[in-house]
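So you can see what is in the structure, the chains are spelled out below.
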Amino acid sequence: MTDDDPKTKKAQPAAEHGASSALTPETIQRLLRESVVGAHELDEKLKRVFELSQANALVRLK
Amino acid sequence: MVENRIVAEAFNVEAFEKLLSKAAGNDKTPVVNQVRYLARYCDRLGARTIVCEEHYIDRHFLDEHALFYSRSLQPPPNHVRRFHVFSREFSDAQLSELLEESASAAGQTSRQICDDLSRAYLGFISIRPLRSVPVGRTILRRLEDGEPRDIWATGTHDVHLANLTLTIDGLAFQQQDRAVGACATAAVWSALSRVSRHEGMRAPTPAEVSQAAGRHVLPNGRIVPAVAGLNVQQLCEAVRSSGFAPEVVRADERPEFFVVALHTYLLSGIPVVLVLLGHDGDHAVTAVGFQSAAAPHPLLQTSVPVRSARMSKIYIHDDRLGPYARSFLHPLPRTDDFDECLLLAIETPRDAHGDELVGNGTPRAEDREEWVLDSAIAPVYPKLRLPARSLITLAELLGDLIEHIVGPENATKLGVEFYFERSGSYLSKLSGRIGLGCAGFLRRVALPRWCGIVKWFLDERPLAEFVYDTTDILRDEHLLGAELLRAVVCLDSRYRGDFQQIASIFPVPST
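Residues numbered from 1 in each chain as written. Chains lettered and ligands numbered in written order. Predicted model: local features only at pLDDT ≥ 70, side-chain atom pairs only at ≥ 80, totals over all residues.

## Some words on the interface of chain B and chain A
Applicable threshold: What counts as a contact here is a pair of residues whose C-beta atoms, placed from the backbone, lie within 7 Å. Runs of E in the DSSP output that reach at least two residues are strands. Runs of H or I that reach at least four are helices, and both are numbered from the N terminus. The residue classification treats Ala, Val, Leu, Ile, Met, Phe, Trp, Tyr, Cys and Pro as nonpolar and Asp, Glu, Lys and Arg as charged. All others, Gly included, are polar. The rule for pairing is simple: two strands pair if DSSP sees at least two bridges between them.
Counting residues at the interface gives 48 residues for chain B and 33 residues for chain A. A total of 10 residues in the side of chain B that touches chain A trace back to one element, the largest contributor, which is helix 10 (residues 388-406) of chain B. Partitioning the side of chain B that touches chain A into residue classes produces 22 nonpolar, 15 polar and 11 charged. Alignment of strand 1 (residues 60-61) of chain A against strand 9 (residues 230-231) of chain B, held across two bridges, turns out to be antiparallel. Bridge pairing links L61 of chain A to L230 of chain B in strand 9 of chain B.

## Topic: the domain arrangement of chain B
Residues and elements named next belong to chain B. The test is simple: By convention here, the domain bounds are inherited from an automatic or database domain assignment.
Assigned domains of chain B: these are domain 1 (245-380) and domain 2 (388-505). The centre of domain 1, based on its C-alpha atoms, is set 28 Å off from the matching centre of domain 2. Between domain 1 and domain 2, the contact holds 14 residues from the first and 15 residues from the second. Taken together, the residues that form the side of domain 1 that touches domain 2 break down as eight nonpolar, five polar and one charged.

## With respect to the environment of G38 of chain A
All names here are of chain A. Note the cut-off: Field definition: a residue is buried when 20 or more other C-beta atoms are found within 10 Å of its C-beta, exposed when 12 or fewer are, and partly exposed for counts in between, with C-beta atoms placed from the backbone.
By the element assignment, G38 lies in helix 3 (residues 25-49). Classification of G38 as partly exposed rests on a count of 16 C-beta atoms within 10 Å. Taking the C-alpha atoms as reference, G38 lies 25 Å from S53; in sequence the two are 15 residues apart.

## Focus: the sheet that holds strand 3 (residues 80-86) of chain B
Think of a sheet as strands paired side by side through backbone hydrogen bonds, with each pair either parallel or antiparallel. Residues and elements named next belong to chain B. The test is simple: Interaxial angle, 0 to 180 degrees, is taken between N-to-C directions of lines fitted to C-alpha atoms, where a helix line uses only the stretch in contact.
Strand order in the open sheet made by the five strands is 1-2-3-4-5, with antiparallel pairing throughout. What marks the edges here is a single partner per strand, and that holds for strand 1 (6-10) and strand 5 (135-140). If you compare each strand with its neighbour and ignore which way they point, the axes differ by 15° on average. Here strand 4 (residues 121-127) runs beside strand 5; their pairing, made up of four bridges, is antiparallel. Across the sheet, G123 pairs through a bridge with L140, a residue of strand 5. Against the sheet, helix 1 (residues 13-23) engages strand 2 (49-56), strand 3 and strand 4, with an angle of about 35° to strand 4.

## Structural notes on the nonpolar core
Here is a general trend for soluble globular proteins: nonpolar side chains tend to be buried in one another's company. Residues and elements named next belong to chain B. Put simply, the rule is: Structurally, a nonpolar core is described as a collection of buried Ala, Val, Leu, Ile, Met, Phe, Trp, Tyr and Cys residues joined by way of C-beta atoms within 7 Å.
Core analysis: the biggest nonpolar cluster contains 169 residues, and V188, L235, V272 and L274 have the highest contact counts within it. The greatest single-element share of this core, amounting to 11 residues, is contributed by helix 10. No fewer than three residues from each of domain 1 (245-380) and domain 2 (388-505) sit in this core. In this structure, L274 is in contact with A284, V285, A287, L344, L373 and A376, ignoring residues within four places of it in sequence.

## Topic: the confidence of the model for chain A
Residue and element names in this part refer to chain A. Definition in use: Each residue carries a pLDDT score, the predictor's own confidence in it, on a scale running from 0 to 100.
On average, residues of chain A carry a pLDDT of 75, and 66% of them reach 70 or more. Of all the helices and strands in chain A, helix 1 (residues 6-11) carries the lowest mean pLDDT, 40, while helix 3 carries the highest, 91. Below a pLDDT of 50 lies the segment residues 1-18, which in the model reaches 10 contacts outside its immediate sequence neighbourhood of four places, other chains included.

## Points about the environment of S70 of chain B
Residues and elements named next belong to chain B. The topology assignment puts S70 in the loop between helix 3 (59-67) and strand 3. Look at S70 and you get exposed, because 12 C-beta atoms sit within 10 Å. Ignoring any residue separated from it by four or fewer positions in sequence, one finds S70 in contact with H65 and P75.

In structure tokens form, the structure reads like this:
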């Protein structure tokens, strides 16, 4: 039997539930690569959130 | 001669208020807010019996005494009175029987007596001999707030009462005394008391926190007396001096990510000091837990489907009120006149009957006091170097991949949250979640003391966890987080093949 054999597919519980996405290493690499720019932009925005400004640092608490 | 006196009596809320006030030497002036709050809080917890310990040396008050009060012309005593609160009814005579039974029993039976009593133990309140600021170190059980979605950054404490060892889960609270500590001192002290004990260290005292805060920078003048208050920079210094790293986050720049960070630290069991801006001055409180709503708030959503967007209530230790006070997060959108911001509405004891102080219902709008959230400080273990910010970035990197795995029809049902956990605890909590055949994974996986976890959910059920090394930083997103990823844990067997495939790319152990 090969991976394409319908009997093989039927035997896999994940396929029965329609859950498996049949990820290939190439797809994983592609999807990750495509996310890099967005992640980098988000990280740049987050830098300002995770650093206090001078005004934040000098808030006086009584 | 120094002698203790331990007495049990029935709980009654009005009588308890008077008892606490009297213990501080205050039987003439009105009962202070914190005492009224504590009495009502104990009532809501289901208090039935009070055991008063007349002479207790509290290390935290002793340090305040040594730093300030001992050098007064007329110093107060150096001990506190402790009031232990129980949800079980027993008389003073029955307390004697319990002490004798425990003293005469063998080890295991004695332990059993303590365990039984601990189930009814609601915690203790220390009353300092300071009339206007009586509430010293207090640890009380959390109040169930009617919803099962509560998360708490609290710890377990052993409490000794005569020959009994009782246990209580909670976070230490105390009222600022304005001599040794300000509100910020109390807030940082509460947070440090949890993380220090969790790391096996001795929790710093308020006096130590104050002195550390003012060791290098004095922008507002002298630290003791503490009337001038502290600034955020000084709080960071106090955290650093206590052996922790101050992780800071600001709320005035992308509030939705501030909420992600707050959610992350509380989920990690790390209390967070919140800096609040008010009309009549600024204030600090300690966030100790939260409750989530059923649906996310649109203004708290981000490009990744963060579960923090559902955070609605925050439980705070507010030294003006008491422990576990309820507050509500209100994100406000940007307008022509104002930037977007986060409001924190704190329930205040304005109700004439005090019913809303620790109530279960929705309080009236006029019983809330609104503050603008400015920033937050989380004291983290110094070698936990990967910030919450990087976990968000790593989730963004994985987002498309996870959506591909679950399919477009399920993409809207995805959720993600972030937390840090000690690796030993993390691995032991995998029991019952990853099933048979995990021995190979457990033998291979290598984690630092603290790991960072990006946890994905599908339709409210755990889907998978990506476990990261926290001893380094995310240097270059182009490496896809590969340098930090240490394990992939699949929690939904339908997708095991997909997550194993991802793990093999990096390559890291997977379940």
